[in-house]
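# Descriptive structure summary
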Amino acid sequence: MARITRLGVLASLLLAVAEPFGEARTGKPEPHLRFLTASSQVEPSYDYVIVGAGTAGLTIADRLTADGNSTVLVIENGKIVDSPRINQVYSGMAAMGPTWSYQINSVPQVNLRNRTTAVIAGNLVGGSSAINAMMTVRGTSEDYDRWGNFFSNGSSWSWDGLLPYLKKALTFVPPEATVAQAVNISYDTSFWGNSSGVYVGWPSFQWPGLTTQIEAFQDIPGAEFPPDSGAGKAGVYWFPTFMDPRIVQRSYARTGHFDGINRTNHHVITESHVTKILLEDGTATGVTFRQGTGNSTTYTTVKANREVILSAGSIHSPQILQRSGVGPKKLLQSAGIDTVVDLPGVGQNFQDHPMMFMSIVLSNFTTHPSPSDMFGNRNFSDWAQTMWRTNKTGPYSMGIGNAAAWLGMPVIAPDAFEGIASKLEDQDHGAQLPPDTDPTVIAGYSAQMREMARSIRSSNTAFYNHVLSGAGSSGQLIDLHPLSRGTVNINTTDPFNKEPIVDYRSLSNPVDLDILVEFLRFTRRYFFETRLKELSPQQMQPPEYVQEPEDLAGFLQSNLSPSEFHPAGTCAMMPRELGGVVDETLKVYGVKNLRVVDASIIPTLPGANTCQTVYAIAEKAVDLIKADM
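Owing to the predicted nature of the structure, the values given are computational and were not obtained by experimental measurement.

A tally of regular secondary structure across the protein chain gives 18 helices and 23 strands. Judged by the C-alpha coordinates and their principal axes, the protein chain covers about 70 × 60 × 45 Å. Across the 629 residues that make up the protein chain, the buried fraction comes to 63%. When contacts within the protein chain are restricted to residue pairs at least 6 apart in sequence, long-range pairs at least 24 apart make up 76% of them. Here the protein chain carries 47 positive and 59 negative side-chain charges, and the mean point of each set is 5 Å from the other.

Attention now moves to the pattern of salt bridges. Inspection of every chain in the model, using the stated rule, returns 18 salt bridges. Among the salt bridges present, the one from E425 reaches R457, with a minimum N-O distance of 3.0 Å. With E425 in helix α14 (residues 417–426) and R457 in the loop between α15 (439–456) and β18 (464–467), this pair connects stretches of sequence that are 32 residues apart. Residue classification places R457 among the partly exposed residues on the basis of a relative accessible area of 28%. Notably, a salt bridge pairs R595 with D628, separated by 2.7 Å at the nearest N-O pair.

Counting buried residues in helix α7 (residues 209–216) gives 6 out of 8 residues, a clear majority hidden from the surface. Buried residues of α7: G209, L210, T211, Q213, I214 and A216, and no others.

With that settled, the discussion passes to the packing of aromatic side chains. To describe a pair of aromatic rings, you give the distance between the ring centres and the angle between the ring planes. Counting across every chain of the model gives 20 aromatic pairs. Plain terms: the ring middles of Y90 and Y396 are 4.7 Å apart, the flat faces sit at 65 degrees to each other, and that makes the pair edge-to-face. You can see Y90 sitting in the loop between α3 (84–87) and α4 (141–149) and its partner Y396 sitting in the loop between α12 (378–391) and β17 (403–407), a full 306 residues away along the chain. Residue classification places Y90 among the buried residues on the basis of a relative accessible area of 7%. Ring centres of Y464 and F522 lie 5.0 Å apart, and the angle between their planes is 85 degrees; on these two criteria the pair is classed as edge-to-face. Here F522 lies in helix α16 (residues 511–528) and Y464 lies in strand β18, a separation of 58 residues in the sequence. On the basis of relative accessible area, Y464 is assigned to the buried category, the value being 0%. Judged by its relative accessible area of 1%, F522 is buried. One Lys or Arg, R246, reaches over the ring of Y199 and ends 4.3 Å from the middle of that ring. Here R524 stacks its cationic end above the ring of F528, 4.2 Å away from the centre of that ring.

So, on to unusual backbone geometry. The step from H368 to P369 runs through a cis peptide bond, and the omega angle for that step is 0 degrees. Here P369 is to be found in the loop between β16 (359–362) and α11 (373–376). The amide bond that connects Q541 to the next residue, P542, takes the cis arrangement and shows omega of -5 degrees. Within the chain, L586 stands out as a residue other than glycine whose phi angle is a positive 70 degrees. Here L586 lies in the loop between α17 (549–559) and β23 (594–596).

Turning next to the side chain of T523. Here T523 shows up in helix α16. The exposure class of T523 is buried, given its relative accessible area of 0%. Residue contacts for T523: discarding those within four places in its chain leaves M358, I360, Y464, H466 and L477.

Moving on to the side chain of T461. Relative to the assigned elements, T461 resides in the loop between α15 and β18. Its relative accessible area of 0% is what places T461 among the buried residues. In terms of polar contacts, T461 uses its side chain to reach the side chain of E142, at 2.5 Å. Filtering out sequence-adjacent residues up to four positions away, T461 remains in contact with T140, E142, D143, R146, L407, G408, M409, S455 and H481.

The next thing to look at is the sheet that holds strand β6 (residues 235–238). In space, the 5 strands of this open sheet follow the order β6-β17-β18-β19-β15, with antiparallel pairing throughout. In the strand order of this sheet, the two ends are held by β6 and β15 (355–357), each with one partner. The mean angle between the axes of side-by-side strands here comes to 20 degrees, regardless of whether they run parallel or antiparallel. As paired strands, β17 and β18 are joined by 4 bridges and run antiparallel to one another. Bridge pairing in β18 places W406 opposite N465.

Analysis parameters
Residues numbered from 1 in each chain as written. Predicted model: local features only at pLDDT ≥ 70, side-chain atom pairs only at ≥ 80, totals over all residues. Heavy atoms only, no water. Helix = DSSP H or I, 4+ residues; strand = E, 2+ residues; numbered from the N terminus. Buried < 20%, exposed > 50% of the residue type's maximum accessible area, 1.4 Å probe, protein only. Contact = heavy atoms within 4.5 Å. Lys, Arg positive; Asp, Glu negative; His and termini not counted. Charge placed at Lys NZ, Arg CZ, Asp CG, Glu CD. Salt bridge = Lys/Arg side-chain N within 4 Å of Asp/Glu carboxyl O. Phe/Tyr/Trp six-rings, centres within 6.5 Å; stacked < 30°, edge-to-face > 60°. Lys NZ or Arg CZ within 6 Å of the ring centre and 35° of its normal. Polar contact = N/O pair within 3.5 Å; in protein donor to acceptor, adjacent residues only side chain to side chain. Pairing = 2+ DSSP bridges. Axes fitted to C-alpha atoms, helices over the stretch in contact; angles between N-to-C directions.

Here's what the structure looks like:
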């Protein structure tokens, strides 16, 4: 039901924007002169072979080839795509969906009435940064400190250690002064960089109703208002959009780290599917990839003189490792694959941000213009189209939004958070995982849950996310730290030709339901017990009579989506004895010259959209790689 609602909203948005964007013409970038179209053009070897031309892969390739001293080949499964839907900022969702994503559905989710969900992962040059909602958000300091805590207190994987890379990854362009003043946008440029080809900026228009929604959080005890979305603090704040405000188009890995590059040491080949990594005596020496032409398939082997870097994303990086003989031995044996390294954590620890829609309408909301005027007020919509066509300003310069609440459990559930944390601590953590889970993976999960219990008691780990719309209604709610863990494993019946089996195992940890019920209760409190109560709120979904925890849980099981399209964790950066797949240098345990650099290495999700974090991981990885040159 939730999925139908999202697709329905997306269809409405696309129909609404078809007219103003139908006449848009964007200049096609200069052809990438080192772009290869056939396997015969590939050199026999390169210093670095990168699997995946996505958010991380393109960033690494650009940085490693900049000085001209290293040769790099990037192998991408998808195509180079030029489309106004990708460039379009308005709505933030024009490129999302099956067109440029892998065609994968999850297995039925037993705790969600056996519903399945589409697994969205970008299948084109630019990866998911080309099709995401462009929300530029980073986690709190505790989110990144938590990663290093799994190793030692002195780990460089921390807020202080990652902040320089968060800054290096992006060029921040402040909002226009008149817009910022009109809706009280606060920002602090000290948390941002200005030297990257990937831009984050702001629309030239904001809905005035956003100030009403933001100010209502002043009535919530404990709610903070950080000075900037990049400050590493939970609270209610404004955040920018992955857009280049000079041209009002999406800014992503392709525009920032691919277009315009013409280096003889930088090759990219597309429509090429990596089947496996070549391993010789415990060392990664290259990869094999295939290309299909008509009815024929060509297999090509390319050598890596220094390293193979796996950046295929959280769905496909574990698949490629498993197909190469690196993964859980029992799984590999069932697929007829020889085990090179028995690494039980590969494909485990799968996480994503669950989301749901709670509908509360403010009957006396009279602030205009509002988002509804784009559909229901012809004069306003005509004006908006004129502004866009004339100078690319106005409402059509907005993405999915630029304001939201990111709140900790003590704020949203002051009377319940301690009980929830204690319940999590007292759990048999192994019982929340599949019955045949390896003891090291159980140990890692238990370590994560101890950290999560501490985080539930902290106001600076955001669990609750409510995206504000500026309309007289509620927005989507996101669970930023799900406790359930899923799996992404090869299809043992045909591991080299079929997509992996994706199982979110949504709500497999029952404490997730306890937390989500508190989300519903808090959202009702926000509308009915703050200054918003003067606007006559009416609860539509779930119906107002649904109040008891077991009834709210039933609503969630029918309406929750297990994914906000932020897959992570399947090649976790954790100690090997805790089910880890890569170490702190992102090297795969038991294999030389092989690293994984993408969202799959994230051990626990940050309380934020993942794109900005992945850029920072890639920037840090470049320094780690160069340190070994």
